[in-house]
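# Coordinates in review
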Amino acid sequence: MSALPNINNIKNIYFIGIGGIGMSAIARYFNSKGVVVSGYDRTETLLTKQLTEDGINIHYHEDIELIPKNTDLVVYTPAIPKEHQELLYYQNNGYPVVKRSDVLQIISDHSFNICVAGTHGKTTTTTMVAHILRDSSYGCNAFLGGISANYGTNFWSNEKNVCVIEADEYDRSFLKLSPDISIITAMDPDHLDIYGTEDNFKQAFRDFAGRVKEGGLLIKKLGLDRNMKATHTLTYSLQNDSADVYANNIQLKDGGYDFDVIMPENMIENIRLNMGGMHNVENMVAAIAAASALKIENEKIKAAVASFKGVKRRFEYIIKNNEVVFIDDYAHHPEELKALINGVKTLFRQKRCTLVFQPHLYSRTRDFANEFASVLSEADQVILLPIYPAREIPIEGVSSEMILNNMTNDAKAVMPKEQFIDWVENNFNKNRNREFGETLVTAGAGDIDKLVPEIKKILEK
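Below, the structure is looked at part by part. (Residues numbered from 1 in each chain as written. Predicted model: local features only at pLDDT ≥ 70, side-chain atom pairs only at ≥ 80, totals over all residues. Heavy atoms only, no water.)

## Here we look at the overall build of the chain
The secondary structure content of the chain amounts to 14 helices and 21 strands. Since a compact globule built from 461 residues should have a radius of gyration of about 23 Å, the 22 Å found for the chain is in line with a globular shape. Counting the 461 residues in the chain, one finds 57% classified as buried. Partitioning the intrachain contacts of the chain with sequence separation of at least 6 by distance along the chain shows that 64% fall at a separation of at least 24. Of the roughly 19,400 Å² of accessible surface on the chain, a fraction of 45% belongs to carbon and sulfur atoms. (Helix = DSSP H or I, 4+ residues; strand = E, 2+ residues; numbered from the N terminus. Rg over C-alpha atoms; globule rule 2.2 N^0.38 Å. Buried < 20%, exposed > 50% of the residue type's maximum accessible area, 1.4 Å probe, protein only. Contact = heavy atoms within 4.5 Å. Areas by Shrake-Rupley, 256 points an atom, 1.4 Å probe, with all protein chains shown as cover.)

## Considering the pairing of strand 11 (residues 217-221)
A regular strand carries its side chains on alternate faces of the sheet. Among the five residues in strand 11, four count as buried, and that is most of the element. In this sheet, strand 11 lies alongside strand 10 (residues 181-184) in parallel orientation, the contact comprising four bridges. Each residue of the ladder has a partner; that of Ile 183, found in strand 11, is Ile 219. Relative to strand 12 (residues 232-237), strand 11 is paired through five bridges, and the arrangement is parallel. Counted as the bridge partner of Lys 221 is Tyr 236 from strand 12. (Pairing = 2+ DSSP bridges.)

## Digging into the packing of aromatic side chains
Tallied over the entire structure, the rule returns 18 aromatic pairs. A centroid spacing of 5.6 Å and a plane angle of 50° characterise the contact between Tyr 14 and Tyr 90, whose relative ring orientation is tilted. In this pair, Tyr 14 sits in strand 1 (residues 12-16) while Tyr 90 sits in helix 3 (residues 85-92), placing the two residues 76 residues apart along the sequence. The class for Tyr 14 is buried, based on a relative accessible area of 1%. Judged by relative accessible area, Tyr 90 falls into the buried class, the value being 0%. Relative to Tyr 317, the ring of Phe 315 has its centre 5.8 Å away and its plane inclined at 85°; by these criteria the two rings are edge-to-face. Of the residues examined, Phe 315 reaches a relative accessible area of 3% and is grouped as buried. (Phe/Tyr/Trp six-rings, centres within 6.5 Å; stacked < 30°, edge-to-face > 60°.)

## Let's talk about the sheet that holds strand 1
If you trace the five strands from one edge of the open sheet to the other, you get 3-2-1-4-5, paired in parallel fashion. The strands lining the two open edges of the sheet, one partner per strand, are strand 3 (57-59) and strand 5 (97-99). Strand after strand, the sheet turns through a mean of 20° between neighbouring axes, direction not considered. Both strand 1 and strand 2 (residues 36-40) contribute to a ladder of five bridges, which runs parallel. (Axes fitted to C-alpha atoms, helices over the stretch in contact; angles between N-to-C directions.)

## A look at the layout of surface pockets
Taken as a whole, the second largest pocket holds about 440 Å³ of empty space. Lining the second largest pocket are 19 residues, and of these Leu 234, Glu 265, Ser 292, Ala 293 and Lys 295 lie nearest its centre. Only strand 12 and helix 8 (278-293) provide two or more residues apiece to the lining of the second largest pocket. Across the lining of the second largest pocket, the residue classes tally to 10 nonpolar, six polar and three charged. (1 Å grid on protein atoms, 1.4 Å probe; cavity = no way out; pocket = protein on both sides within 12 Å on 5 of 7 lines; lining within 4 Å. Points joined across faces, edges and corners; volume = space filled by probe spheres on them. Nonpolar A, V, L, I, M, F, W, Y, C, P; charged D, E, K, R; others polar.)

## As for the nonpolar core
Within soluble globular proteins, side chains that are nonpolar generally end up buried alongside one another. Counting residues in each nonpolar core, the largest one holds 72 residues, and the members touching the most others are Ile 132, Met 284, Ile 288 and Leu 337. The element contributing the most residues to this core is helix 8, with nine residues. If we ignore the near neighbours within four places in the chain, the residues touching Ile 132 are Met 284, Ala 287, Ile 288, Ala 291, Ile 296, Ile 301, Ala 304 and Val 305. Counting residues in hydrophobic clusters, the runner-up holds 41 residues, among them Phe 15, Tyr 29, Leu 104 and Phe 143. (Core = buried A, V, L, I, M, F, W, Y, C linked by side-chain atoms within 4.5 Å.)

## Considering the packing of helix 1 (residues 21-32) against helix 2 (residues 46-53)
One way to put it is that helix 1 packs onto helix 2 with a least axis distance of 11 Å and a crossing angle of 10°. Overall, the two elements helix 1 and helix 2 adopt an arrangement that is roughly parallel. Taken together, the residues of helix 2 that come into contact with helix 1 (itself represented by Ile 21, Ser 24 and Arg 28) are Leu 47, Gln 50 and Leu 51. The residue inventory of the contact of helix 1 with helix 2, partitioned by class, reads three nonpolar, two polar and one charged. (Parallel < 35°, antiparallel > 145°, perpendicular 65-115°, else oblique.)

## Looking at the side chain of Gln 381
Within the fold, Gln 381 resides in strand 19 (residues 381-384). On the accessibility criterion, Gln 381 (13% relative accessible area) is buried. In this structure the side chain of Gln 381 is engaged in a polar contact, spanning 3.0 Å, whose partner is the side chain of Thr 354. In contact with Gln 381, not counting residues within four places along its chain, are Arg 352, Cys 353, Thr 354, Leu 355, Ala 411, Trp 423 and Phe 428. (Polar contact = N/O pair within 3.5 Å; in protein donor to acceptor, adjacent residues only side chain to side chain.)

These results come straight from atomic positions and should not be treated as a statement about function.
Here it is in structure tokens:
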């Protein structure tokens, strides 16, 4: 890694892969500080359009003629191929070139940090914490891995020197952060293309827990690795009272939940969360534990939770009426899909559950094919789209059929996107159960969300 310039001396910064959710948050951070920000990405998306509206210059094809030559820092995402022309140009010409995680490190080196890690639940939990701090006027800078539905952004700034950061385990990025408060939501193995073994993966989380500053607080889900310790540790759970922090008296109401939260030295009653999925109650329990540790008043925490609208693509209601409920979700790991399907079937017991899943990465499909098949078998009807490759080249013999062949459902199929849209129009929509209604769920971390507007239009006919 090249020597990092002092963050206060950066006047021009260039991002390779600026449209990524984590990259765009950092781009917005520098833009908010008056730095000239520009970047490259492969395709135009809603996110890149928003960045352009914020005055950031973006181009969409590799071209060293289009890149700034006077830049003070170049930031790239690990998803960018090593032979990318622009990346090579900067590396070969002596520019400081760093990964996104290095920039988060220099931003967070001089602030009070609440860092949220975990194989799933981290984006929602980070957004919950940041929302409570913002809504209660405590104040924070937020670096989110998703778009907050309350504010329509994955970043906001505040003069208070407090950062809420989504801590990404991919590429061991989170080991560059220095948390004052850490939350760890889950450590189910993932990214084995990077870590090699399950134990290496878990060791990275132990190392992350060990990075909590002296006197700091670790909030970890009950049942996670016992070897994770900090000066102060709290365990949390959905409703297991052997945890330090847990929910009590949970009641399902109007597609959301009412509950109390019990903590070692505090209790907050009659909390209202207006989003689906019991796993989101558990995420909120962790967020409340962090807010309470910061001495935010109970009434302010309650008001913030009640006004929380969730995160785009995290159990996001696209349509919600008696006839049809259409939900879009980022779930791309078997455990996430399990929580998603359980949430849908609990909230909408009488409706038939149709799940459309786009597997993300050949390596993940290969490593978890049996787990995916077992979880997806819980839905009434499943459509699998072809694998979204992201940064990978195809692996021989690995396809969506690997999952399909092990599923036990009667109603299941693999379809390309065009055929699937046709199926929604001519099969699903025409044969809807009018008495009890239907739930349709789109899930995956690839580009399945681009189909959402079209599906919505068909269902609303």
